[in-house]
Amino acid sequence: MVIDSHQHFWNYEPVKHEWIDDAMKVIRRDFSPSDLKKEYQENGIDGCVAVQADQTLAETDFLIQLSNKNEFIKGIVGWVDLRSEVVEADLEKYSSIKKVKGFRHVVQGEPDHNFLLRSKFLKGISLLDKYNYTYDILIFPHQLGAALEFVKRFPNQKFVIDHIAKPYIKDGFFNGWAILMEEIAKCENVYCKVSGMITEADYKNWTPKQLYPYLNLVLNAFGVDRIMFGSDWPVCLVAGNYSQVKNIVTDFITKLSENEQEAIMGKNAINFYNL
């Protein structure tokens, strides 16, 4: 089974989605399951994990509603305020909904480089394992130092790094990112999504060859059992199309065995998110 471990839906609103700047105006519109279903039929994708794009409980409920009507949405990574005094009540509420697999916070947008290490946030994270929830780590490379300390504090918590931690591919930066990713990969409870790469490169001039050093690093560090394909649709559309995004990964892993390719393209996401 081929699983897209990372995609989004939204009803576009200029204020709510202000992060979609002029360079990304092609995605200033609604994106629904019917849009994605066409992409999946054309690209041989069997199901997906829908990930939050807005930091409200209403966003989590929106994704639940979509998943109830669309069987191909196999799991949801929603949002709760992990710093809230009442977060456990929210976690308990969503635990009765089978498709809610975990949560994410848009840490990349936080001005505090050490946001992940603040006490209130850590307290919320400490509750996730009780309900068998996963946590998606969305950060930029300058936050990797805090992320390393963060994941070491919770050796039994299932973590996955989104978009290979968004390295600055457009600028050609590599070494600082690589060193910290190798350290984080030593924590066996941490997985990594090979997703979101073309939007960290030059939108108009990226090439697969440009991405291969980053993919090589992640494959060697995390191994075939802890990386998973994700499209980051529809965000990926600012720099390419669905087929291009999928082919970057499938072409890169052709050197691996059939079982290893199947793991990266679906089995690892199934195991991680318990789909």
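Criteria and thresholds
Residues numbered from 1 in each chain as written. Predicted model: local features only at pLDDT ≥ 70, side-chain atom pairs only at ≥ 80, totals over all residues. Heavy atoms only, no water. Helix = DSSP H or I, 4+ residues; strand = E, 2+ residues; numbered from the N terminus. Rg over C-alpha atoms; globule rule 2.2 N^0.38 Å. Buried < 20%, exposed > 50% of the residue type's maximum accessible area, 1.4 Å probe, protein only. Contact = heavy atoms within 4.5 Å. Areas by Shrake-Rupley, 256 points an atom, 1.4 Å probe, with all protein chains shown as cover. Salt bridge = Lys/Arg side-chain N within 4 Å of Asp/Glu carboxyl O. Phe/Tyr/Trp six-rings, centres within 6.5 Å; stacked < 30°, edge-to-face > 60°. Lys NZ or Arg CZ within 6 Å of the ring centre and 35° of its normal. Pairing = 2+ DSSP bridges. Right-handed = clockwise from strand over helix to strand, strands pointing away. Core = buried A, V, L, I, M, F, W, Y, C linked by side-chain atoms within 4.5 Å. Polar contact = N/O pair within 3.5 Å; in protein donor to acceptor, adjacent residues only side chain to side chain.

A tally of helices and strands in the protein chain yields nine helices and eight strands. Taken against the 2.2 N^0.38 rule, which gives 19 Å for 275 residues, the C-alpha radius of gyration of the protein chain at 17 Å falls within 12% of a compact globule. Considered along the principal axes of its C-alpha atoms, the protein chain spans approximately 45 × 40 × 40 Å. For the protein chain, buried positions account for 56% of its 275 residues. Restricting to contacts in the protein chain with at least 6 residues of sequence separation, those with at least 24 account for 79%. As displayed, the protein chain offers around 12100 Å² of accessible surface, 48% of which is attributable to carbon and sulfur atoms.

Glancing now at the pattern of salt bridges. Per the counting criterion, the structure on display carries 13 salt bridges. Here lysine 186 ties to glutamate 183 by a salt bridge, and the two come within 2.7 Å at their closest N and O atoms. Classification of glutamate 183 by relative accessible area gives partly exposed; the value is 28%. Beyond isolated ion pairs, a larger network of salt bridges with shared partners links Arg104, Asp136, Asp162 and Lys193.

With that out of the way, let us pick up the packing of aromatic side chains. Counted under the stated rule, the structure contains 24 aromatic pairs. Relative to tyrosine 133, the ring of phenylalanine 103 lies with its centre 4.8 Å away and its plane at 75°, an arrangement referred to as edge-to-face. Here phenylalanine 103, found in strand β4 (residues 100-105), pairs with tyrosine 133, found in the loop between α4 (119-125) and β5 (134-137); they are 30 residues apart in sequence, far enough to count as distant. For the residue pair phenylalanine 103 and tyrosine 133, the accessibility class agrees, reading buried in each case. In textbook terms, an aromatic cluster arises when at least three aromatic residues are bridged by ring pairs, as seen for Phe115, Phe121, Tyr135, Phe150, Phe154 and Phe159. Stacked on the ring of phenylalanine 272, the Lys or Arg lysine 158 has its end atom at 5.2 Å from the ring centre.

Turning our eyes to something else, we now look at the environment of tryptophan 233. Here tryptophan 233 shows up in the loop between β8 (227-229) and α8 (242-252). For tryptophan 233, a relative accessible area of 2% gives the class buried. Distance in space between the C-alpha atoms of tryptophan 233 and aspartate 35 is 10 Å, their sequence separation being 198 residues.

So, on to the pairing of β4. For β4, the tally of buried residues reaches six of six residues, placing the bulk of the element in the interior. Note: strand β3 (residues 73-78) against β4, three bridges, orientation parallel. Counted as the bridge partner of glycine 78 is phenylalanine 103 from β4. Handedness of the crossover joining β3 and β4 through helix α3 (residues 87-94) is recorded here as right-handed. As defined by bridge partners, β4 adjoins β5 across four bridges and the pair is classed as parallel. Bridging from a neighbouring strand, histidine 105 pairs with isoleucine 137 of β5. Assessed by its sense of winding, the connection that carries the chain from β4 through α4 to β5 is right-handed.

Attention shifts here to the nonpolar core. Nonpolar side chains in soluble globular proteins tend to end up buried together. Ranked by internal contacts, the top residues of the largest apolar core, which has 89 residues, are Tyr135, Phe150, Trp177, Met181 and Phe222. Per-element tally for this core: the top contributor is helix α7 (residues 208-222), with seven residues. If you look at the next biggest cluster of nonpolar residues, it comprises ten residues, including Ile3, Val49, Val160 and Met228.

Further remarks concern the environment of tyrosine 131. Position of tyrosine 131 among the secondary structure elements: in the loop between α4 and β5. For tyrosine 131 and isoleucine 198, which are 67 residues apart along the polypeptide, the C-alpha to C-alpha distance reads 34 Å. Residue contacts for tyrosine 131: discarding those within four places in its chain leaves Glu88, Leu91, Glu92 and Ser95. For tyrosine 131, the side chain forms a polar contact with the side chain of glutamate 88, separated by 2.9 Å.

Note the cis peptide between tryptophan 233 and proline 234, where omega equals 0°. Here proline 234 shows up in the loop between β8 and α8. Backbone geometry at histidine 163 places phi at a positive 55°, although glycine is not the residue there. Relative to the helices and strands, histidine 163 is located in the loop between β6 (159-161) and α6 (175-185).

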